[in-house]
Amino acid sequence: IFQVTGASTFGGDVNVENAGTRIISLNYEDSVNSIISHSGTNFALESLNVRGDSIRFYTDYEASTPKGNITLTLENSHNAKFEGNVGIGISAGGNNLHIYKSNATALIQASNTSGIAQVQFFPRDASNVAHLQSIKGVDSSLTFLTGGNSGNSYVPTEKMRIDTSGNVDIVAVGVDKGAIL
């Protein structure tokens, strides 16, 4: 057992081998240069508990640039930011998000009463003007909205609704209600 109390400085790396609990605790002032890493061929890192205001995970470790490239940032606001693409069940390749599984399902669920669940699209036209469109689950209906732009605070309007009976309501330009099909 190696134990240090009080102020101590280590030059170089500290390696923990064959320890039953394998715990390393770092309390540091220099968050730019503090690194926790794990390597080995026979044992995996079983758990990593990290506490801090902003936690960053890096890849592409090299001796000359020990941090490598930032891959994931966990912020104290509970937001996670991925640098690059995300693959679930597959390497993401050139896609921002790629989910691969037989019978793959992406679920977006509202957690509150009368909450909505939606997918939003925010493309730009040839003049670089952003437009917001969305597909929303509202109560037990599915709605399609388009036309959100900077002129209307990016609030799209409903253009089509499919209700629980399977009726399709299409709203035509200049008409309050479209024909129910």
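Everything below is about the structure shown above.
Overview of the structure. Nothing here was measured: the structure is a model prediction, and the numbers come from that model.

**Some thoughts on the overall build of the protein**
Here comes step 1: Scanning the protein from N- to C-terminus turns up 0 helices and 10 strands.
Here comes step 2: The secondary structure elements of the protein, listed N-terminal to C-terminal, are β-β-β-β-β-β-β-β-β-β.
Here comes step 3: Of the roughly 15000 Å² of accessible surface on the protein, a fraction of 50% belongs to carbon and sulfur atoms.

**A closer look at the side chain of Thr73**
Here comes step 1: Note that Thr73 resides in strand β2 (residues 69-75).
Here comes step 2: Ignoring anything within four residues of it in the chain, the contact list for Thr73 reads Ser54, Ile55, Arg56, Asn79, Ala80 and Lys81.

**What about the sheet that holds strand β7 (residues 132-138)?**
Here comes step 1: Strands sit in the order β6-β7-β8-β9-β10 across an open sheet of 5 strands; the sheet is antiparallel. The open sheet has two edge strands, β6 (117-121) and β10 (168-170), and neither has a second partner. Across the sheet, the axes of successive neighbouring strands diverge by a mean angle of 20°, strand direction being ignored.
Here comes step 2: Sheet analysis places strand β9 (residues 157-162) next to β10, joined by 3 bridges and oriented antiparallel. What sits directly across from Ile162, in β10, is Val168.

**Thoughts on the sheet that holds strand β1 (residues 54-59)**
Here comes step 1: Reading across the sheet, the 3 strands line up as β1-β2-β3 and stay open at both edges, with antiparallel pairing between neighbours. Here the strands that pair on one side only, and so sit at the sheet edges, are β1 and β3 (80-82). Strand-to-strand, the axes of this sheet are offset by a mean angle of 20°, without reference to chain direction.
Here comes step 2: When β1 meets β2, the two strands line up antiparallel, connected through 6 bridges.

**Comments concerning the pairing of strand β8 (residues 141-148)**
Here comes step 1: Bridge count between β7 and β8: 6 bridges; the pairing is antiparallel. In the sheet register, Gly137 faces β8, and the bridge partner there is Leu142.
Here comes step 2: Here β7 folds back onto β8, and the loop between the two strands holds 2 residues, one of which, Asp139, carries a positive phi near 50°.
Here comes step 3: By the bridge criterion, 5 bridges tie β8 to β9 in an arrangement that is antiparallel.

**Topic: unusual backbone geometry**
Here comes step 1: Even without being a glycine, Asp139 presents a positive backbone phi close to 50°.
Here comes step 2: For Asp139, the position within the fold is in the loop between β7 and β8.
Here comes step 3: By relative accessible area, Asp139 is classed as exposed at 72%.
Here comes step 4: Non-glycine residue Tyr154 carries a positive phi angle of around 60°.
Here comes step 5: Looking at the element boundaries, Tyr154 is found in the loop between β8 and β9.
Here comes step 6: Under the relative-accessibility criterion, Tyr154 is labelled partly exposed at 32%.

**Regarding the pattern of salt bridges**
For side chains of opposite charge, pairing can occur when their charged atoms come near one another.
Here comes step 1: Within this structure, the stated rule accounts for 2 salt bridges.
Here comes step 2: The shortest N-O distance in the salt bridge between Lys81 and Glu83 comes to 3.4 Å.
Here comes step 3: Among the salt bridges present, the one from Arg161 reaches Glu158, with a minimum N-O distance of 2.8 Å.

**Considerations on a nonpolar patch on the surface**
Here comes step 1: A contiguous nonpolar patch, built from Ile88, Leu97 and Ile99 and spanning about 270 Å² of accessible area, is present on the exposed surface.
Here comes step 2: With respect to the element layout, Ile99 can be found in strand β5 (residues 97-99).
Here comes step 3: Residue classification places Ile99 among the partly exposed positions, given a relative accessible area of 36%.

About the criteria used
Residues numbered from 1 in each chain as written. Predicted model: local features only at pLDDT ≥ 70, side-chain atom pairs only at ≥ 80, totals over all residues. Heavy atoms only, no water. Helix = DSSP H or I, 4+ residues; strand = E, 2+ residues; numbered from the N terminus. Areas by Shrake-Rupley, 256 points an atom, 1.4 Å probe, with all protein chains shown as cover. Contact = heavy atoms within 4.5 Å. Pairing = 2+ DSSP bridges. Axes fitted to C-alpha atoms, helices over the stretch in contact; angles between N-to-C directions. Buried < 20%, exposed > 50% of the residue type's maximum accessible area, 1.4 Å probe, protein only. Salt bridge = Lys/Arg side-chain N within 4 Å of Asp/Glu carboxyl O. Patch = residues over 30% accessible without salt bridge, like charges linked within 9 Å, V, L, I, M, F, W, Y side chains within 5 Å.

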